[in-house]
Amino acid sequence: MGRAGRRLPALAAVFYGALAALVLLGVRDVLFLYEENRCSMTYMYEYPEYLKIKLPKKTARRYPAYELYLYGEGNYAEENKNLLLTGIPVLFLPGNAGSYKQVRSLGSIALRKAEDVDFKYHFNFFSVNFNEELVALYGGSLQRQTKFVHECIKVILKLYRDREFAPTSVAIVGHSMGGLVARALLTLKNFKPGLINLLITQATPHVAPVMPLDKYLTDFYTAVNNHWILKAQDLRNLTTLSVAGGFRDYQVRSGLAFLPRLSQHDSALSVVSSAVPRAWASTDHLSIVWCKELILATIRAFFDLIDENTRQITEDPKKRMSVLHHHFVRHPAKTFEENPELFTELTGAFMWIPVKASKWTYSVYNDSDGKYFTFPLASHRKSYSHVYCENSMLDTSSWIYGCMNSNSSTCLEATDLSWRAELLPTTKVVILKLQDYTSLSHIVIQVPPTVGNKYTLDCEFFKQDSRTVQLPVTHLFSFGLSSSKILLNSTGLLYNVQLQHFNRIYQAFKIYIESHCQSLKERKPSVYRLHVPWSHEDSITVAKVPSFMEISAKLHIAQPQNDSRVPELNIYSSSDCQYEVILKTSVLQVLGQIIRFHASALPVYVVSNIFLTYGGQLSTLMSTGQCSDFPLELVRTAKPYKVEPLISIVVFLQGFNWFREIWESLSLPEVDAAVLSSQDAWFPLVSLILFLFGTGIAYWSGVFFSTSLRLFSSLWLTLIRPTVLQKDNKLITPRRLCGVLSLAVVSWTTCGAFAVFIIYLQYLFKVIKLHVNIRAEQNMLNGDSDCSKETSQNSSIYAVKNQSSTDSTVKATQSLSNSTTIAEAVNSLKMHVTILNLFTWIVLLNLPSLIYWLKNLRYSVRLDPDPCRSTAIILVCILEILMNSSTSEVKSSKLLKIAAKVPLPLSVAMLAFGRMHLYKVPHFVTLSLLLHVLCCIV
């Protein structure tokens, strides 16, 4: 091999190593580089107890692995042991591998809240034990869980029969997949929608499964989402709140937790925990069930939802949505009131002080006299468009009013503008557009007498244009080398920085905010809010002044096509301070966004690359009679231009009605890229990037696989004496046939993935054994060659030429025969390694159903339904033949030409239809391997 030939593998290794490193950087950003956990832990004041509810015999017999529990603590738990319940029922549904004991945070906080109101109202929290099933990875039990929950609801409501305030419905809180199970209740034929009137989901992937590993999972999602879209009008009496965890939750990205758009009617609400008032914290997938700030918001909402007449959750959908908006979207720093009084009398012996200035600050400390500060609006309407006021006293009392048509120095009756306020971490603020309040003559700020409290009030009038600054975001391909910068010489209290052209999910930026102040006096902290107008996914950061702060800016939801609003950076500033804002593209976070949104599709791209390499090896075998090495063939064959253009053309043509009609007439499924585009989770270069990432992973997984085989074979050689290479002409023997039949029976009667795993281990053993025998034969061949040379030299010295010549000829003939056998075995080994590498990914994709089966083995020996039973039987038959085959049989086959060309169209089909349906990948691989088997036979 020349210098250029040696340089090519080295360059390929570096290139694919760089691609694999980019994948690792993206994974690192998703798994480790997020904000610190700002949630407080929820603690129980008394020992938690879980009272098992006895189920009807028929239900218990039908669902032996599932149970229903009632949560309690201390005296409350003792009182409820006789099940004479008088509270409001709430049912908690755990998610993937979740425990029924996760209800304790909700139950404990609700119990403390009930004690505060002397048990005038209280909640009974029930929880379902789903045996910690892995329903996010195996969808076969989702329908069974849904039916069991229906039975539980009926059992719970029976417990309240003949009570004075007997409930007719149950509120449900579902964590992770438990929220999806709750939504699926409405798809049951005999389910009455009135049985649930409130559903709160925590980190539930509503849009699509995180990993679509089997058909039952994707079909379940399709049925639930289609029902909620088509029957949206019938669901208006059900109020639904979905809370996502934000960027800390790397298991379920928040975009999946937003309810599908077509089902977002007036009674559905989706928020990210970082935007929830009084929480303002991102949560990971588990902490969302115990995050004290979120649990408090949930329990406060529950108590505000109670109807005083029925002592149950209100039947009024508008009130339910008002309460949820109050606690989860915009909190005015006031206790919720369903119908607040429009007018308020301003009474008390307070001093009335007029304020004519456009900017005003007042500090309160031990003020024994109450005051009313009045701001006349007539003098400000021509010069200013808005008024902004903030109050650092975070109590729930009213503090700002609007006075109508007052010509005197006092105002006896006013409208309460405190309901227009918004609570922030360090202050409560009001922004009023003067044009919307033409009937108001004055703004009145109330300062009640205070003892020991210190707080500050600020107000200013301003023009909106003077406080709005446009900041174009840097281009994606600037790679952080360029930046956008603005300087705010703050004389005001509020600035809005509009982030122009920030609307796609693959964009990610770092925003640096540096504050400088003229004097060193103590100042209130600044609040920076990244506001996304088309979804409730704001994030809030509090910073000292002066300070240097770094904020990450990235989206959970892309901008809808019909929405022209722009994300904003709201700066609640400190007066007389200078703020410098610098924005740069963050390459690492861009990689993180790609991994966050498309990591589940990476196995498809990896298998596609290995598949193309496998086809290339068959082509090389056909043309040269030799099987090429996996890394070299991957470099030569795995090219994105072979598969990507065709898929892009199909996606483009599907935009035309005539092509879509032809496509549907052929009963072909929709291309996954088109579906992702409709969900705003796709962009033109993402498939090319993912293909290159898949190539890098495939390359180094192949290198790792080959290296592991060498290590195992070396270990084998040191421990066990190898056998001689033997050519087995029989692909099928009675013993092998019995083995195939045994594994087929195992697949049919137990679990298909179990049979696949067994045949995989058997194949792995065969390949390692072949590798060991080849190395042993090569060592022997090298030894014979050295011995032959030595014999030839000795014979020339002692002149025993005739005998030496005969021995040398025999040994040369044997050596040539052995080298041919070894060369053929090496070719077979290369092909086996590629097939085994390909099959490794198939085993990994089927592993979740195997784990599920092992976990539930005590309840049932047979996995039912089994997503890979039929595929497993076919694979067992194929691999039993392949593991005993060699390339000599394949080279002489008439079908080799077809088998070598099939992997390319199957790779295209795999990428077209497998990105959102990972369970389809084994089907494409099985079809190609079946042709390989036919090549061995025909």
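Residues numbered from 1 in each chain as written. Predicted model: local features only at pLDDT ≥ 70, side-chain atom pairs only at ≥ 80, totals over all residues. Heavy atoms only, no water.

Asks: Summarise the state of the cysteines; cite the residues concerned and give the values.
Replies: Evaluated as defined, the whole model comprises four disulfides. Residue pairing for cysteine 403: its cysteine sulfur links by disulfide to cysteine 411, the two sulfurs lying 1.9 Å apart. As the torsion about the S-S bond is roughly 105 degrees, the cysteine 403-cysteine 411 disulfide counts as right-handed. The partner cysteine of cysteine 517 in its disulfide is cysteine 577, sulfur to sulfur 2.1 Å. Here cysteine 517 and cysteine 577 share a disulfide; its torsion about the S-S bond, 100 degrees, makes the bridge right-handed. Remark: cysteine 577 occurs in strand 30 (residues 577-585) and cysteine 517 occurs in strand 25 (residues 508-517); sequence separation between them is 60 residues. Cysteine pairing for the protein chain, with bonded cysteines counted in sequence order: 1-2, 3-6, 4-5, 7-8. (Disulfide = S-S within 2.5 Å. Helix = DSSP H or I, 4+ residues; strand = E, 2+ residues; numbered from the N terminus.)

Asks: Give a description of the pairing of strand 5 (residues 170-175) that names residues and reports values.
Replies: The buried fraction of strand 5 amounts to six of the six residues, a majority that puts the element mostly inside the structure. Burial along strand 5 is two-sided: Val170, Ile172 and Gly174 and Ala171, Val173 and His175, pointing in opposite directions, are all buried. The pairing of strand 3 (residues 88-93) with strand 5 spans four bridges and is classified as parallel. By the bridge assignment, valine 90 is partnered in strand 5 with alanine 171. Each parallel crossover has a hand, and for strand 5 linked through helix 6 (residues 177-184) to strand 6 (residues 196-202) it is right-handed. (Buried < 20%, exposed > 50% of the residue type's maximum accessible area, 1.4 Å probe, protein only. Pairing = 2+ DSSP bridges. Right-handed = clockwise from strand over helix to strand, strands pointing away.)

Asks: Lay out the packing of aromatic side chains in plain terms, naming residues and giving numbers.
Replies: How two aromatic rings sit relative to each other is set out by the distance from centre to centre and by the angle between their planes. On inspection of all chains with the given rule, the structure shows 36 aromatic pairs. Geometrically, the ring pair formed by phenylalanine 123 and phenylalanine 125 is tilted, given 6.4 Å between the ring centres and 45 degrees between the ring planes. Connected via pairs of aromatic rings, a cluster forms that spans Phe652, Phe656, Trp658, Phe659, Trp663 and Phe913. Across from the ring centre of tryptophan 419, 4.9 Å away, lies the NZ or CZ of lysine 334, which sits over that ring. One Lys or Arg, arginine 862, reaches over the ring of tryptophan 748 and ends 5.6 Å from the middle of that ring. (Phe/Tyr/Trp six-rings, centres within 6.5 Å; stacked < 30°, edge-to-face > 60°. Lys NZ or Arg CZ within 6 Å of the ring centre and 35° of its normal.)

Asks: Provide a residue-level description of the sheet that holds strand 28 (residues 547-554), including the pertinent values.
Replies: Across the sheet, four strands lie side by side as 23-30-25-28; this open sheet has antiparallel pairing. Among the strands making up the open sheet, the edge pair consists of strand 23 (483-489) and strand 28. The mean angle between the axes of side-by-side strands here comes to 15 degrees, regardless of whether they run parallel or antiparallel. Bridge count between strand 25 and strand 28: eight bridges; the pairing is antiparallel. When the bridges of strand 28 are listed, isoleucine 513 appears paired with methionine 549. This element, helix 11 (residues 587-598), spans strand 25, strand 28 and strand 30 of the sheet and lies at about 140 degrees to strand 25. (Axes fitted to C-alpha atoms, helices over the stretch in contact; angles between N-to-C directions. Contact = heavy atoms within 4.5 Å.)

Asks: Can you break down the nonpolar core residue by residue, with the values?
Replies: It is characteristic of soluble globular proteins that their nonpolar side chains tend to be buried jointly. Among the nonpolar cores identified, the biggest contains 101 residues, and Phe839 and Leu882 are the most heavily contacted of them. Considering each element in turn, this core owes the most residues, 13 residues, to helix 20 (residues 801-855). Ignoring sequence-local partners within four residues, the contact set of leucine 882 consists of Tyr763, His832, Ile835, Leu929, His932, Val933 and Cys936. Listed in part, the 47 residues of the second largest apolar core include Ile88, Tyr121, Ala279 and Val289. (Core = buried A, V, L, I, M, F, W, Y, C linked by side-chain atoms within 4.5 Å.)

Asks: Before we move on, could you go through a nonpolar patch on the surface and cite the residues and values that matter?
Replies: On the surface, Phe477, Phe479, Leu481, Val587, Leu685 and Leu688 cluster together to form a nonpolar patch covering roughly 590 Å² of accessible area. Inspection of the secondary structure puts leucine 481 in the loop between strand 22 (468-472) and strand 23. (Patch = residues over 30% accessible without salt bridge, like charges linked within 9 Å, V, L, I, M, F, W, Y side chains within 5 Å. Areas by Shrake-Rupley, 256 points an atom, 1.4 Å probe, with all protein chains shown as cover. Salt bridge = Lys/Arg side-chain N within 4 Å of Asp/Glu carboxyl O.)

Asks: Outline the pairing of strand 7 (residues 239-244), listing residues and values.
Replies: On a regular strand, one side chain projects to one face of the sheet and the next to the other, so that they alternate. Most of strand 7 is tucked away: six of the six residues are buried. Side chains of strand 7 alternate between two faces, with Thr239, Leu241 and Val243 and Thr240, Ser242 and Ala244 buried alike. For the crossover that starts at strand 6, traverses helix 7 (residues 215-230) and ends in the parallel strand 7, the hand is right-handed. One ladder, built from five bridges, connects strand 7 with strand 8 (residues 268-272); its direction is parallel. Looking at strand 8, one finds that valine 243 is bridged to valine 271.

Asks: Tell me about the pattern of salt bridges, and please be specific about residues and values.
Replies: One pass over the full model with this rule turns up 24 salt bridges. A salt bridge links lysine 81 to glutamate 78, with the shortest nitrogen-to-oxygen separation between them at 3.2 Å. For lysine 81, a relative accessible area of 45% translates into the label partly exposed. Here glutamate 78 falls in the partly exposed class, since its relative accessible area comes to 46%.

Asks: Which residues make up the sheet that holds strand 29 (residues 568-572), and what are the values?
Replies: What the five strands build is an open sheet, ordered 22-24-29-26-27; its pairing is mixed. The sheet terminates laterally at strand 22 and strand 27 (539-543), the two strands that pair on one side only. Taking the axes of each pair of neighbouring strands and ignoring which way they run, one obtains an average angle of 20 degrees across the sheet.

Asks: An account of the packing of helix 13 (residues 630-637) against helix 17 (residues 686-719) is needed here, citing residue identities and associated values.
Replies: At a closest axis distance of 9 Å, the pairing of helix 13 and helix 17 adopts a crossing angle of 165 degrees. Considered as vectors, helix 13 and helix 17 are oriented roughly antiparallel to each other. When the axes of helix 13 and helix 17 are compared, the crossing they make is right-handed. Residues Phe630, Pro631, Leu634 and Val635 of helix 13 pack against Thr695, Ala698, Tyr699 and Gly702 of helix 17. Its residues assigned to classes, the contact of helix 13 with helix 17 comprises six nonpolar, two polar and no charged. (Parallel < 35°, antiparallel > 145°, perpendicular 65-115°, else oblique. Left-handed = near helix turned anticlockwise from the far one by under 90°. Nonpolar A, V, L, I, M, F, W, Y, C, P; charged D, E, K, R; others polar.)

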